[in-house]
Each structure stands twice: as C-alpha cells, then as structure tokens.
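Results of the structural survey
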Amino acid sequence: MAVTQLLIHAPTVDALKRAQNNARNLLKLEADAQVEIVVNGPAMAMAVTLTDEDILSRLVMCRNSLQAQSLTAQADVKLVDAAVQYLAHQQAAGWSYLRA
C-alpha cells in the first residue's frame, strides 16, 4: 500500500485545532504517513504560538499571511510564499487535500 500523503488546510483557529487532531489521529493508524498542516489567514495568530514539536515539524506557514499580520514564525517551521500556490502544487504532485 502506498504511503498516505495528506495536506490538512487550516485557515481559521478552529480549523487549526481540528487539523492537529486530524494529524494525530491519522498518525496513530499510519505512523509512516506524510502529513502537512498548511496554515494561512486568521489561523496564523494561533500557529505562531504552538510549541508541540511533532505538530511544528508538520506545519507549513504562508509568508503572505505572516507579513499581513506582522507575525513571526517559529525558527524551524516550513514557510511558503503563498498557501494557495503550495496547496495547488502539492495536489498536482499527488497529495490529498483535507479542509479541517
């Protein structure tokens, strides 16, 4: 069976809370799954406060949203220029999409 590759899109605070639970639940069932939580919009304010290393290693933050809200990402978090572009490219590369 192929390794699951899942993008969980979290544009709101509530969506980011759900996304974290979704990621943890999938990883309990499929430890080798590749899971990324793509954050933009209002969720950024919460995302920059997260400290859970397992979640931080899966976060993908939108630079546009960070700049628009004058926020700074944690040191090792993956940054992309635009969440919308990243989501489109990853889906074209075969990743599945879930809106949390």
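No experiment lies behind these values; they were computed from the predicted model shown. (Residues numbered from 1 in each chain as written. Predicted model: local features only at pLDDT ≥ 70, side-chain atom pairs only at ≥ 80, totals over all residues. Heavy atoms only, no water.)

Considering unusual backbone geometry
Its identity as a non-glycine residue notwithstanding, Ser 70 has a phi of 55°, on the positive side. One can find Ser 70 in the loop between α4 (63-68) and β4 (78-80). (Helix = DSSP H or I, 4+ residues; strand = E, 2+ residues; numbered from the N terminus.)

Here we look at the side chain of Gln 74
Turning to its location among the elements, Gln 74 is positioned in the loop between α4 and β4. Take Gln 74: its relative accessible area is 18%, and that puts it in the buried class. If sequence neighbours within four positions are ignored, Gln 74 has contacts with Ala 47, Val 48, Thr 49, Leu 50, Leu 56 and Met 61. (Buried < 20%, exposed > 50% of the residue type's maximum accessible area, 1.4 Å probe, protein only. Contact = heavy atoms within 4.5 Å.)

Looking at the sheet that holds strand β1 (residues 5-10)
Ordered in space as β4-β3-β2-β1-β5, the five strands form an open sheet in which the pairing is parallel. Here the strands that pair on one side only, and so sit at the sheet edges, are β4 and β5 (96-99). Taken over all neighbouring pairs, the strand axes of this sheet differ in orientation by 25° on average, direction set aside. Of the pairings in the sheet, the one linking β1 to β5 comprises four bridges and is parallel in character. Among the inter-strand pairings, His 9 is bridged to a residue of β5, identified as Arg 99. Against the sheet, helix α1 (residues 13-29) contacts β1, β2 (34-39), β3 (59-62) and β5, and its axis sits at roughly 175° relative to β2. The strands touched by helix α5 (residues 83-92) are β1, β2, β3, β4 and β5; relative to β2, the strand with the most contacts, the crossing angle is about 155°. (Pairing = 2+ DSSP bridges. Axes fitted to C-alpha atoms, helices over the stretch in contact; angles between N-to-C directions.)

Concerning the nonpolar core
If you look at the biggest cluster of nonpolar residues, it comprises 27 residues, and the most contacted ones within it are Ile 8, Leu 16, Ile 37, Val 39, Leu 59 and Met 61. Of all the elements in the fold, those that place two or more residues in this core are β1, α1, β2, α2 (44-47), α3 (53-56) and β3. It is α1 that contributes the most residues to this core, six residues altogether. Each residue touching Ile 37, except ones within four places of it in the same chain, is listed here: Ile 8, Ala 10, Leu 16, Ala 19, Gln 20, Ala 23, Ile 55, Arg 58, Leu 59 and Val 60. (Core = buried A, V, L, I, M, F, W, Y, C linked by side-chain atoms within 4.5 Å.)

As for the pattern of salt bridges
Going through the model one piece at a time under the given rule, you end up with four salt bridges. The closest approach of N and O atoms between Glu 36 and Lys 78, which form a salt bridge, is 3.7 Å. With Glu 36 in strand β2 and Lys 78 in strand β4, this pair connects stretches of sequence that are 42 residues apart. Using a relative accessible area of 39% as the deciding quantity, one classes Lys 78 as partly exposed. Residues Asp 54 and Arg 58 are paired through a salt bridge, measuring 3.5 Å at the closest nitrogen-oxygen approach. A residue is classified by how much of its surface remains accessible, and Arg 58, at 17% relative accessible area, is buried. (Salt bridge = Lys/Arg side-chain N within 4 Å of Asp/Glu carboxyl O.)

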